[in-house]
Amino acid sequence: MASTSRLDALPRVMCPNHPDAILVEDYRAGDMICPECGLVVGNRVIDVGSEWRTFSNDNATKDPSRVGDSQNPLLSDGDLSTMIGKGTGAASFDEFGNSKYQNRRTMSSSDRAMMNAFKEITTMADRINLLRNIVDRTNNLFKQVYEQKSLKGRANDAIASACLYIACRQEGVPRTFKEICAVSRISKKEIGRFFKLILKALETSVDLITTGDFMSRFCSNLCLPKQAQMAATHIAHKVVGLDLVPERSLISVVAAAIYMASQASAEKRTQKEIGDIAGVADVTIRQSYRLIYPRAPDLFPTDFKFDTPVDKLPQL
Amino acid sequence: MDQNNSLPPYAQGLASPQGAMTPGIPIFSPMMPYGTGLTPQPIQNTNSLSLLEEQQRQQQQQAQQQAQQQAQQQQQQQAVAAVQQSTSQQAAPGASGQTPQLFHSQTLTTAPLPGTTPLYPSPVTPMTPITPATPASESSGIVPQLQNIVSTVNLGCKLDLKTIALRARNAEYNPKRFAAVIMRIREPRTTALIFSSGKMVCTGAKSEEQSRLAARKYARVVQKLGFPAKFLDFKIQNMVGSCDVKFPIRLEGLVLTHQQFSSYEPELFPGLIYRMIKPRIVLLIFVSGKVVLTGAKVRAEIYEAFENIYPILKGFRKTT
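Residues numbered from 1 in each chain as written. Chains lettered and ligands numbered in written order. Predicted model: local features only at pLDDT ≥ 70, side-chain atom pairs only at ≥ 80, totals over all residues. Heavy atoms only, no water.

> Help me understand the overall build of chain A in this model?
Counting its secondary structure elements, chain A contains 13 helices and three strands. Across the 316 residues in chain A, those meeting the buried criterion constitute 36%. For chain A, the accessible area works out to roughly 19,800 Å², and carbon and sulfur atoms hold 52% of it. (Helix = DSSP H or I, 4+ residues; strand = E, 2+ residues; numbered from the N terminus. Buried < 20%, exposed > 50% of the residue type's maximum accessible area, 1.4 Å probe, protein only. Areas by Shrake-Rupley, 256 points an atom, 1.4 Å probe, with all protein chains shown as cover.)

> What should I look at first to understand the packing of helix H3 (residues 112-127) of chain A against helix H4 (residues 132-148) of chain A in this one?
Geometry of a packed helix pair, given as the angle between the helix axes and the separation of the axes. All names here are of chain A. Interaxial distance between H3 and H4 falls to 10 Å at its minimum, and their mutual angle equals 150°. Judged on the interaxial angle alone, H4 and H3 are roughly antiparallel. Crossing of H3 against H4: the hand is right-handed. For the pair H3 and H4, the contacting residues are Ala-113, Met-114, Ala-117, Phe-118, Ile-121, Thr-122 and Ala-125 in the first and Arg-132, Val-135, Thr-138, Asn-139, Phe-142, Lys-143 and Tyr-146 in the second. Partitioning the contact of H3 with H4 into residue classes produces nine nonpolar, three polar and two charged. (Axes fitted to C-alpha atoms, helices over the stretch in contact; angles between N-to-C directions. Parallel < 35°, antiparallel > 145°, perpendicular 65-115°, else oblique. Left-handed = near helix turned anticlockwise from the far one by under 90°. Contact = heavy atoms within 4.5 Å. Nonpolar A, V, L, I, M, F, W, Y, C, P; charged D, E, K, R; others polar.)

> Which parts of the structure should I look at to understand the environment of B:Val143?
Residues and elements named next belong to chain B. When you line up the elements, Val-143 lands in the loop between helix H2 (99-105) and strand E1 (145-154). According to the relative accessible area criterion, Val-143 is partly exposed, its value standing at 23%. Sequence spacing of Val-143 and Cys-243 is 100 residues, and the spatial spacing of their C-alpha atoms is 7.0 Å.

> Would you mind going over helix H11 (residues 271-278) of chain A with me for this structure?
An α-helical turn contains 3.6 residues, so any two residues separated by three or four positions project in the same direction. Residue and element names in this part refer to chain A. Taken residue by residue, H11 has Gln-271, Ile-274, Gly-275 and Ala-278 as its buried positions. Buried residues of H11, viewed axially, fall in a sector of 100°; they line one side. When the buried face of H11 is taken as reference, the exposed residues oriented beyond 90 degrees from it are Lys-272 and Asp-276. Summarising the contacts, the buried residues of H11 are in contact with helix H8 (212-221), helix H10 (250-264) and helix H12 (282-292). Gly-279 occupies a position one or two residues after H11 and carries a positive phi of about 80°. (Arc of directions from axis to C-beta.)

> Would you explain the interface of chain B and chain A in this entry?
Bring the parts together and some accessible area is lost; that lost area is often taken as the interface size. Taken residue by residue, the interface counts 12 residues in chain B and 16 residues in chain A. Summed over both sides, the interface of chain B with chain A buries roughly 1,200 Å², with 59% coming from carbon and sulfur. The tally of links from chain B across to chain A stands at two salt bridges. In this structure, A:Asp243 and B:Lys318 form a salt bridge, with 2.7 Å as the shortest nitrogen-oxygen distance. On inspection of chain B and its partner chain A, the count reaches five residue pairs in polar contact (both at pLDDT 80 or more). (Buried area = accessible area lost by both parts, 1.4 Å probe. Salt bridge = Lys/Arg side-chain N within 4 Å of Asp/Glu carboxyl O. Polar contact = N/O pair within 3.5 Å; in protein donor to acceptor, adjacent residues only side chain to side chain.)

> Help me understand the pattern of salt bridges in this model?
When the charged atoms of two side chains lie near each other, side chains of opposite charge can form a pair. This model, assessed by the stated rule, comprises 18 salt bridges over all chains. Notably, a salt bridge pairs A:Glu190 with A:Arg193, separated by 3.1 Å at the nearest N-O pair. You can see A:Glu190 and its partner A:Arg193 sitting in helix H7 (residues 188-202), three residues apart, about one turn around the helix. A salt bridge links B:Arg299 to B:Glu208, with the nearest nitrogen and oxygen atoms 3.0 Å apart. Highlighted residues: B:Arg299 in helix H6 (residues 299-315) and B:Glu208 in helix H4 (residues 208-224), separated in sequence by 91 residues. Among the residues examined, B:Arg299 registers a relative accessible area of 12% and is labelled buried. The class for B:Glu208 is buried, based on a relative accessible area of 4%.

> What is the right way to read the packing of aromatic side chains from this model?
Any aromatic ring pair is given by two values, namely how distant the centres are and how the planes are angled relative to each other. Residue and element names in this part refer to chain A. In this structure the tally under the stated criterion is 17 aromatic pairs over all chains. Here the aromatic rings of Phe-214 and Phe-218 are separated by 5.9 Å at their centres, their planes lie at 20°, and the arrangement is stacked. Linking Phe-214 with Phe-218, this pair stays in helix H8, spanning four residues, or about one helical turn. Phe-218 shares its class with Phe-214; the two are buried. Aromatic side chains Tyr-289 and Tyr-293 sit 5.8 Å apart centroid to centroid with 45° between the ring planes, which places their arrangement in the tilted category. Like Tyr-293, Tyr-289 is buried. Feature note: the residues Phe-118, Phe-142 and Tyr-146 constitute an aromatic cluster, connected by ring pairs. When the ring centre of Tyr-146 is taken as origin, the NZ or CZ atom of Lys-149, which lies over that ring, is 5.7 Å away. (Phe/Tyr/Trp six-rings, centres within 6.5 Å; stacked < 30°, edge-to-face > 60°. Lys NZ or Arg CZ within 6 Å of the ring centre and 35° of its normal.)

> Explain the sheet that holds strand E2 (residues 31-33) of chain A to me, please; I cannot follow it from the model alone.
Backbone hydrogen bonds are what pair the strands of a sheet, in a parallel or an antiparallel way. Residues and elements named next belong to chain A. In space, the three strands of this open sheet follow the order E1-E2-E3, with antiparallel pairing throughout. Because the sheet does not close on itself, it has two edges, and the strands there are strand E1 (24-26) and strand E3 (40-42). Within the sheet, the average angular offset between the axes of one strand and its neighbour, ignoring direction, is 45°. When E2 meets E3, the two strands line up antiparallel, connected through two bridges. Bridge pairing in E3 places Ile-33 opposite Val-40. (Pairing = 2+ DSSP bridges.)

> Mind showing me how you'd approach H3(A) here?
All names here are of chain A. The end-to-end C-alpha separation of H3 is 23 Å, in line with the 22 Å expected for 16 residues at 1.5 Å each. Taken together, the buried positions of H3 are Met-114, Ala-117, Phe-118, Ile-121, Met-124 and Ala-125. Taken around the axis of H3, the buried residues stretch over an arc of 130°, which confines them to a single face. Of the exposed residues in H3, those oriented more than 90 degrees away from the buried face are Lys-119 and Asp-126. (Expected span 1.5 Å × (residues − 1).)

From the geometry alone we can't say anything about function, so treat these as descriptive.
Below you can see the structure in the form of structure tokens.
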């Protein structure tokens, strides 16, 4: 009885006047302060900040920080192992110049494949400048799929690419399959297959793509002015609303809308340029354009300034 | 043949409301125009490879069907009253009395055939005919056409593919590419993959009977080349059907409401892939209104799946 009460009382520091108040920690001075009355309750708390400042122009080999990298507890199961570093003195090398102590591998064999995949995901995302939140979501998806083990044994690269595609979709900034294909070694067919498999394994679904998701990216890649981009968005929206091109993929509609808008503005782009950016063949753009051309006057926004009037638009 | 239950002859062999298929009785029910296409198969004549016997058997079945159809039509009229009381479908007023006749005039293939599912849960009286009382306003009137049947059969003996490929006509064999002989016949136009274990896959037929006939022809060819071929365990593995609902469909709406069954990725495939759970059929639904149904083991599943999807598709008809 006495011991338990002592254990109970030991860790709890509280303000004597306000026992229910949650103490605020002031890390700079190392104090625990009661917010009600300002009494400093505990002092000399150990500071958890870094010991000294490190600047980027200091030589990189000697990093005096003793705390190491930040943990990634969500993803690697809290890896708490320690690595023994490379030796620095002359005694750590044997006569051939090889280091004597070589045990720097096998730190987390169970998650080795997962860490490899995370590295791959980061590399792929870097190539198309994806934001950190998409990469984090991709890592989470990959971890879920990996732990489920229903797709175990399949190529991790394919799963990683499909997870990246799904993460982009879920964040509201979808990338086309061809864009993911461009940064991955997996073919579009495989990514599509794994995309469906992962959706089934995780029992989630994704929203349908819309034309507006791709406009800003394609237009800025083509260096089109804002007016042309807004016109293209409006055209694509009207085309889908009027259902002028029911059987074509949405990306083809986007490409044709950009073509029409760019041809009507001062900055004209050829079909080949648009096809390269969008990943659409230029014959496809031609086909879709032919279908929307008859309704061209209705598709443009009302306040659009035509550099080339509507009747002078190229007719392919 | 019809003393087993209190069921009239046409219902015998199909699901009785008690919920059990009566085994051991040859299933020559008249509602199945191609009775031998169903599993379980009739036990007789499995080993004889004579094509003449096969065709005679088919003619016999058809004669039996026609005789029983007429007997059944009379009973259909009696059962109209029971039809109107049936609760299995939404009953349309009065017009349902006409539909059983309508079904009959159309070679019996429009009716979804519930005999294949032994656990038919509908609380109808035994006098209810096999054609469920889908009122005329609900039935689509469209019959999916079968496009392809894949079946397997075991010839029961090990085969030497090299001799088959060398001596048979229209046979190709490339062991480096694929470990089977690919043989084709012109009538019915089908392709067979013949493996060295003696098992054979027959594809390309347009009906169950044609598939069986073609498989027998291939087995005959193998037999003539000197192998002791038999005809064991003929089983239809997959049936593909297609049809046209004749109106454009809003696939985006369909994928929103039936999310757990549908998968629509226009970048990957222009059609919506609908995986129906009961019956287990995969449907490919296109914007133009064309529908492809696959994954069926019996013809009735295709019909049932189409009848299930048709009202859903009508709900997503494009209005412009």
